[in-house]
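Single-letter residue listing:
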Amino acid sequence: MTLKILRALVYVGAILTALVLAGIVGYILINGIPHLKPSLFEWTYTSENVSLMPALVDTILMALLALVLAVPTGVGAAIYLVEYARSTSRFVRVVRMTAETLQGIPSIIYGLFGLLFFTTMLGWGLSLMSGACTLAIMVLPVVMRTTEEALLAVPESYKQGGFALGAGRVRTIFRCVLPSALPGIVGGVLLALGRCVGEVAALLFTAGTVAQIPDFGGQGIFALFDSCRTLAVHMYVLASEGLHMDEAYATAVVLLILVVILNTGANFAAKRLKRGM
Amino acid sequence: MMQEIKQDARIAPSLPVISETKMGVEELDLFYGEFQALKDVTLDFPKNEVTALIGPSGCGKSTLLKALNRMNDLVDGCRVDGLVSLDGDDIYRDVPVNDLRRRVGMVFQQPNPFPMSIYDNIAFGPRTHGIKGKAELDVIVEQSLRDAAIWDEVKDRLKKSALGLSGGQQQRLCIARALAVQPEVLLLDESTSALDPISTAKIEDLVVEFASKYTVIMVTHNMLQALRVSTKTAFFLLGEMVEAGDTDELFTHPKDSRTADYVSGRFG
Ligand SMILES: Nc1ncnc2c1ncn2[C@@H]1O[C@H](COP(=O)(O)OP(=O)(O)OP(=O)(O)O)[C@@H](O)[C@H]1O
Ligand SMILES: [Mg+2]
């Protein structure tokens, strides 16, 4: 009897989740697709065309830059914690607790920190660089924790097999342990990517809202210090101005598609990487 | 006449068959933190023979085996006192650890193929030790798989994942993987206990063959297995080495009453 109720609950939960998800996606698509006009994709933003193209490019730049900073650091830290540090050491416990705490902090706090540190103290201004660094710090604990979990889930016997053949620690970790942990790590990176792409609060403080593509052609590397707006910020601005709700929905559709493409790409890259390892 | 004398002279020195010691432990104490898992163990492992380590669960057989290739280094708080030697060299001081583990290969209780192709599993060890050439690796992979009597079963699927093999095949793959680095000593820790009787018999046959090329040290719970494949046996109890000697002798005329109890099945 209880089993039946439990099973019913499981089904209800699954159906509700699917419905909510389908509802949201459907709502966005219905409201957004009719307003996907070519003018939305012009290279430069004006208040007439409300183009989302600069924001699209900025989003990709911002997310990539943040991940380039956060993923190697986070994965490296996790490898150190799991494979090198003694699991009982105080240092490990402190780092782990800090990471867990940081994971739960609202993003606006990271935004404030970024504003004080990168934007003001380092004098980077409202810029791609300040924003990406802030996002990197924000997602670092996510990458670290998921990588740690993934590494811990790899059977100890792989490691023993590697060592028993005379492989050193580095080779054993990179050849025997990491490939198995890769799907888990990619999961963490996707989570981080999602947070970068969806972040608004932290970026308003650190990257600003200028709707333009950083001028790498003209300024080279210094373009990193141009202000820019990601799609999520773009949507926020459009919606809060209240003049371009239709375009905001259209932007949401593009954001949705972008996330799907990025996820698929990451999974594909992981598969290739795993085979190459 | 001269010839006869010469012949005699050639035969004479080899008449008393004294087997050479490949590995040895002397007064070995091993601690896991406060707990002493091995107590003053002294034991020789003769070259090109199969030595079986027997004893009830928890008596320290695996611990001794792991002391022989320093896998205990991976255990936090493990401390070793005493001498462990390979060809007379102190393995804790005079032999680089990765070199030691190449020379002293290990096969575990549970088959543990890496999650990669069969070929890459076998090539892992040689690659680790600097062999990169495809042609050379091909030869090593085939020879190792043949030596572990699994070549015919896998030769058409070398590029497939090793995880798709059966348990018995996986274990022979792991043996092949250990052979691929041309070890001198093979440590087997209950390597058949997770397998079906047919796979077990195959591996036992292999071990008997290996004695001509390798020094084999195997832990087993199966006394019939010890009788079938080993020439020397050592019996352990609560971290102590109670008795060691020729396998037949130890099983038929044990000197210690505890050994007698164990081999006649009166211990758990
Ligand atoms: N990593 C470890 N940390 C602490 N104690 C350990 C560790 N490994 C083994 N021991 C202890 O050392 C003793 C010997 O263990 P060992 O694994 O060598 O026994 P064994 O003879 O191989 O037993 P089995 O036949 O069950 O495999 C046991 O009491 C065990 O609890
Ligand atoms: Mg054991």
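A brief look at the structure comes next. (Residues numbered from 1 in each chain as written. Chains lettered and ligands numbered in written order. Predicted model: local features only at pLDDT ≥ 70, side-chain atom pairs only at ≥ 80, totals over all residues. Heavy atoms only, no water.)

### Focus: the overall build of chain B
Moving on, step 1. In terms of helices and strands, chain B carries eleven helices and ten strands.
Moving on, step 2. Taking 268 residues into account, the globule formula puts the C-alpha radius of gyration at 18 Å, and chain B, at 20 Å, falls close to it.
Moving on, step 3. Principal-axis analysis of the C-alpha atoms gives chain B an extent of 65 × 55 × 40 Å.
Moving on, step 4. Out of the 268 residues belonging to chain B, those deemed buried represent 49%.
Moving on, step 5. The contacts of chain B with a sequence gap of at least 6 include a subset with a gap of at least 24, amounting to 66%.
Moving on, step 6. With an accessible surface of roughly 12700 Å², chain B has 51% of that area assigned to carbon and sulfur atoms.
Moving on, step 7. If you average the places of the 30 positive and of the 40 negative side-chain charges in chain B, the two averages end up 7 Å apart. (Helix = DSSP H or I, 4+ residues; strand = E, 2+ residues; numbered from the N terminus. Rg over C-alpha atoms; globule rule 2.2 N^0.38 Å. Buried < 20%, exposed > 50% of the residue type's maximum accessible area, 1.4 Å probe, protein only. Contact = heavy atoms within 4.5 Å. Areas by Shrake-Rupley, 256 points an atom, 1.4 Å probe, with all protein chains shown as cover. Lys, Arg positive; Asp, Glu negative; His and termini not counted. Charge placed at Lys NZ, Arg CZ, Asp CG, Glu CD.)

### Considerations on the site of ligand 1
All names here are of chain B.
Moving on, step 1. Near ligand 1 there are 13 residues, and of these Ser57, Gly58, Lys61, Ser62 and Thr63 occur at the shortest range.
Moving on, step 2. Between ligand 1 and the protein, one listed contact pairs an oxygen atom with a side-chain N or O atom of serine 57 at 2.5 Å.
Moving on, step 3. Cysteine 59 is positioned such that a nitrogen or oxygen atom in its backbone is 3.2 Å from an oxygen atom of ligand 1.
Moving on, step 4. In isolation ligand 1 has 620 Å² of accessible area, and contact with the protein removes 64% of it.
Moving on, step 5. Residue contributions to the shell around ligand 1 peak at three residues, all from helix H2 (residues 61–68). (Near = heavy atom within 4 Å. Polar contact = N/O pair within 3.5 Å; in protein donor to acceptor, adjacent residues only side chain to side chain.)

### Focus on the pattern of salt bridges
Residue and element names in this part refer to chain A.
Moving on, step 1. Tallying each qualifying case throughout the model produces 23 salt bridges over all chains.
Moving on, step 2. Notably, a salt bridge pairs glutamate 156 with lysine 159, separated by 3.8 Å at the nearest N-O pair. Taken together, the residues span about one helical turn, with glutamate 156 and lysine 159 both in helix H6 (residues 156–164) at a distance of three residues. (Salt bridge = Lys/Arg side-chain N within 4 Å of Asp/Glu carboxyl O.)

### Description of the interface of chain B and chain A
It is common to give the size of an interface as the accessible area that goes away when the parts come together.
Moving on, step 1. On the chain A side, the residues contacting the 23 residues of chain B number 17 residues.
Moving on, step 2. Between chain B and chain A lies a buried interface of about 1700 Å² when both sides are counted; carbon and sulfur atoms form 63% of it.
Moving on, step 3. Across the chain B-chain A interface, the total number found is zero salt bridges.
Moving on, step 4. Only helix H3 (97–103), strand S6 (104–107), helix H4 (118–128) and helix H7 (167–179) of chain B provide two or more residues apiece to the side of chain B that touches chain A.
Moving on, step 5. Top contributing element to the side of chain B that touches chain A by residue count: H4(B), with four residues. (Buried area = accessible area lost by both parts, 1.4 Å probe.)

### Some words on the sheet that holds strand S2 (residues 35–46) of chain B
Residue and element names in this part refer to chain B.
Moving on, step 1. Spatially, four strands are ordered S2-S1-S4-S5 in an open sheet, and the strand pairing comes out antiparallel. The open sheet has two edge strands with one neighbour each: S2 and strand S5 (89–90).
Moving on, step 2. Here two bridges tie strand S4 (residues 78–86) to S5, and the two strands are oriented antiparallel to one another. By the bridge assignment for S5, leucine 86 is matched with aspartate 89. (Pairing = 2+ DSSP bridges.)

### A word on the side chain of Arg70(B)
Residues and elements named next belong to chain B.
Moving on, step 1. Along the polypeptide, arginine 70 turns up in the loop between H2 and S4.
Moving on, step 2. We classify arginine 70 as buried; its relative accessible area is 15%.
Moving on, step 3. Among the polar contacts listed, one links the side chain of arginine 70 to the backbone oxygen of isoleucine 91, at a separation of 3.4 Å.

### Considering the nonpolar core
The nonpolar side chains of soluble globular proteins are, as a tendency, buried together.
Moving on, step 1. Among the nonpolar cores identified, the biggest contains 69 residues, and Leu56(A), Met62(A), Leu135(A), Leu151(A), Ile185(A), Leu231(A) and Phe124(B) are the most heavily contacted of them.
Moving on, step 2. Counting only elements with at least two residues in this core, the list comes to helix H2 (53–84), helix H3 (90–103), helix H4 (107–121), helix H5 (128–152), helix H7 (169–198), helix H10 (231–241) and helix H11 (245–276) of chain A.
Moving on, step 3. Excluding residues that lie within four positions of it along the chain, Met62(A) makes contacts with Leu128(A), Gly131(A), Ala132(A), Leu135(A), Leu203(A), Ala207(A), Cys228(A) and Thr230(A).
Moving on, step 4. Core analysis: the second largest hydrophobic core is formed by 46 residues, Ile54(B), Val216(B), Ala226(B) and Phe251(B) among them. (Core = buried A, V, L, I, M, F, W, Y, C linked by side-chain atoms within 4.5 Å.)

### Regarding the sheet that holds strand S9 (residues 232–237) of chain B
Residues and elements named next belong to chain B.
Moving on, step 1. Spatially, six strands are ordered S6-S7-S8-S3-S9-S10 in an open sheet, and the strand pairing comes out mixed. At either margin of the open sheet sits one strand with a lone partner, and together these are S6 and strand S10 (240–246). Mean inter-strand twist for the sheet, computed between neighbouring axes without regard to direction, equals 15°.
Moving on, step 2. Pairing between strand S7 (residues 185–189) and strand S8 (residues 215–219): five bridges, direction parallel. Across the sheet, the residue bridging to leucine 187 is isoleucine 217, located in S8.
Moving on, step 3. The sheet contacts of helix H8 (residues 197–210) involve strand S3 (50–54), S7 and S8, and relative to S8 the element is tilted by about 145°. (Axes fitted to C-alpha atoms, helices over the stretch in contact; angles between N-to-C directions.)

### Looking at the side chain of Glu204(B)
All names here are of chain B.
Moving on, step 1. One can find glutamate 204 in helix H8.
Moving on, step 2. Of the residues examined, glutamate 204 reaches a relative accessible area of 8% and is grouped as buried.
Moving on, step 3. Polar contacts involving the side chain of glutamate 204 include one to the side chain of arginine 228, which spans 2.7 Å.
Moving on, step 4. Ignoring any residue separated from it by four or fewer positions in sequence, one finds glutamate 204 in contact with Gln225, Arg228 and Val229.

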